[in-house]
Amino acid sequence: MADIRKELEQRILIIDGAMGTMIQRHKLQEADYRGERFANWHTDVKGNNDLLSITQPEIIIGIHKQYLEAGADIIETNTFSATTIAMADYDMQSLAYELNVASAQCARKAIERYNAETGNTVPKFVAGAIGPLNKTLSLSPDVNNPGYRAVTFDEVVTAYTEQIKGLIDGGVDILLIETIFDTLNAKAAIFSAKKFFRENNVELPIMISGTITDASGRTLSGQTLEAFYISVKHANPLSVGLNCALGAQEMRGHIEELSSIAACYVSSYPNAGLPNAMGEYDEAPEQTACFIEDWAKNGWVNIVGGCCGTTPDHIKHIAQHVKNVEPRKLPVLETELA
């Protein structure tokens, strides 16, 4: 398999855009989500996008292919909520492992088809998307009981371990712990990955991507960007970065700061601007691309792409704008105290 580190030394890599935005374009109904297999499922499943990797795999493969055609080097699996904890919303906990395997296979098939149809020889990578969960270890869901937690660290580790096993069995190249608003959840994912690597004699690069949720420059669980980085750097990640919550314009200062402190590669995939009053994203592909080109020319980034509201058109413009820009150089770190 191609070494992603060698690719990162040579150029800025492109990660894909939003999966949910593209799924919405298909205007799927309840029956579409269910497919034949879950036609009689006892709860509504519309909105369970991860389930589509099993019930509508051609749609998911097709979305991946559109991003590859737009210039993506890294495509993310359709597994943002594919854990027993998140799948409990649909009473589909038992499907978690299968969802991750199926989603990884969809991404692999998309790359195989893209390469066969285009004759492409440039390495393409599958990143196993590991989302933040819908329960948090750092915050209480009960304002009257701040010490209460809806989930334990061990429960989160168990859920992430099953997801990681499914992703690796399905053939991913990278693990991407993303949209982190609670660093303790992320630490559980890191712990799960490292333990799985040790016990199964495998090792994949880990990408870590946090979320700055507002103008205070902090994560939802209260950490500054520097504190967040220091909290996860022990994982020796391939990259640390930011995604979601903000558009590129609002994310600029945070990316500059992260670039100045990170000993690893820096990634960023912002939303297509901030949502409008209807919760939709209006920022044009050219606008997003110009903001990201500015970061690239300042030497701040190694991996760029898009999150909520971004489309293959956004990714195409981003890829074109950073194509001839040198990637950020890794800092030379002092190895001993003076």
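Up top you'll find the structure we're talking about.
Colleague: Mind showing me how you'd approach the packing of helix α12 (residues 285-297) against helix α13 (residues 312-322) here?
Modeller: The axes of two packed helices give the description: the angle between them and the distance between them. The N-to-C vectors of α12 and α13 enclose an angle of 35°; their axes lie 8 Å apart at closest approach. As for the relative orientation of α12 and α13, their crossing is right-handed in sense. Across the interface between the two elements, P285, E286, T288, A289, C290, I292, E293 and A296 of α12 pack against D313, H314, H317, I318, H321 and V322 of α13. For the contact of α12 with α13, the per-class residue count stands at seven nonpolar, four polar and three charged.

Colleague: Sorry, what's going on with empty space enclosed by the protein here?
Modeller: Sizing a probe to match a water molecule and rolling it over the atoms shows the empty space that remains. Applying the stated criterion across every chain, the model contains one cavity of 30 Å³ or more. Considered as a void within the structure, the largest cavity measures approximately 40 Å³ in volume. Around the largest cavity, the lining residues are G131, P132, Y160, I177, I180, F181, D182, N185 and A186. Contributions of two or more residues to the lining of the largest cavity are made by β4 (174-180) and α9 (183-200). Looking at side-chain class alone, the lining of the largest cavity contains six nonpolar, two polar and one charged residues.

Colleague: Before we go on, may I ask you to explain the layout of surface pockets in this structure?
Modeller: Its boundaries defined by the atoms lining it, the largest pocket holds a volume of some 950 Å³. Looking at the largest pocket, it is lined by 40 residues, and the ones nearest its centre are M19, G20, T21, N49 and C308. Sorting the residues of the lining of the largest pocket by element identifies α2 (19-24), α6 (84-87), β4 and β6 (239-247) as the ones contributing at least two each. The element contributing the most residues to the lining of the largest pocket is α2, with five residues. Tallied by class, residues from the lining of the largest pocket come to 16 nonpolar, 17 polar and seven charged. When its volume is computed, the second largest pocket comes out at roughly 290 Å³. Elements represented by at least two residues in the lining of the second largest pocket include exactly α5 (57-70) and α13. Residue composition of the lining of the second largest pocket, grouped by class: seven nonpolar, two polar and six charged.

Conventions and cut-offs
- Residues numbered from 1 in each chain as written.
- Predicted model: local features only at pLDDT ≥ 70, side-chain atom pairs only at ≥ 80, totals over all residues.
- Heavy atoms only, no water.
- Axes fitted to C-alpha atoms, helices over the stretch in contact; angles between N-to-C directions.
- Helix = DSSP H or I, 4+ residues; strand = E, 2+ residues; numbered from the N terminus.
- Left-handed = near helix turned anticlockwise from the far one by under 90°.
- Contact = heavy atoms within 4.5 Å.
- Nonpolar A, V, L, I, M, F, W, Y, C, P; charged D, E, K, R; others polar.
- 1 Å grid on protein atoms, 1.4 Å probe; cavity = no way out; pocket = protein on both sides within 12 Å on 5 of 7 lines; lining within 4 Å.
- Points joined across faces, edges and corners; volume = space filled by probe spheres on them.

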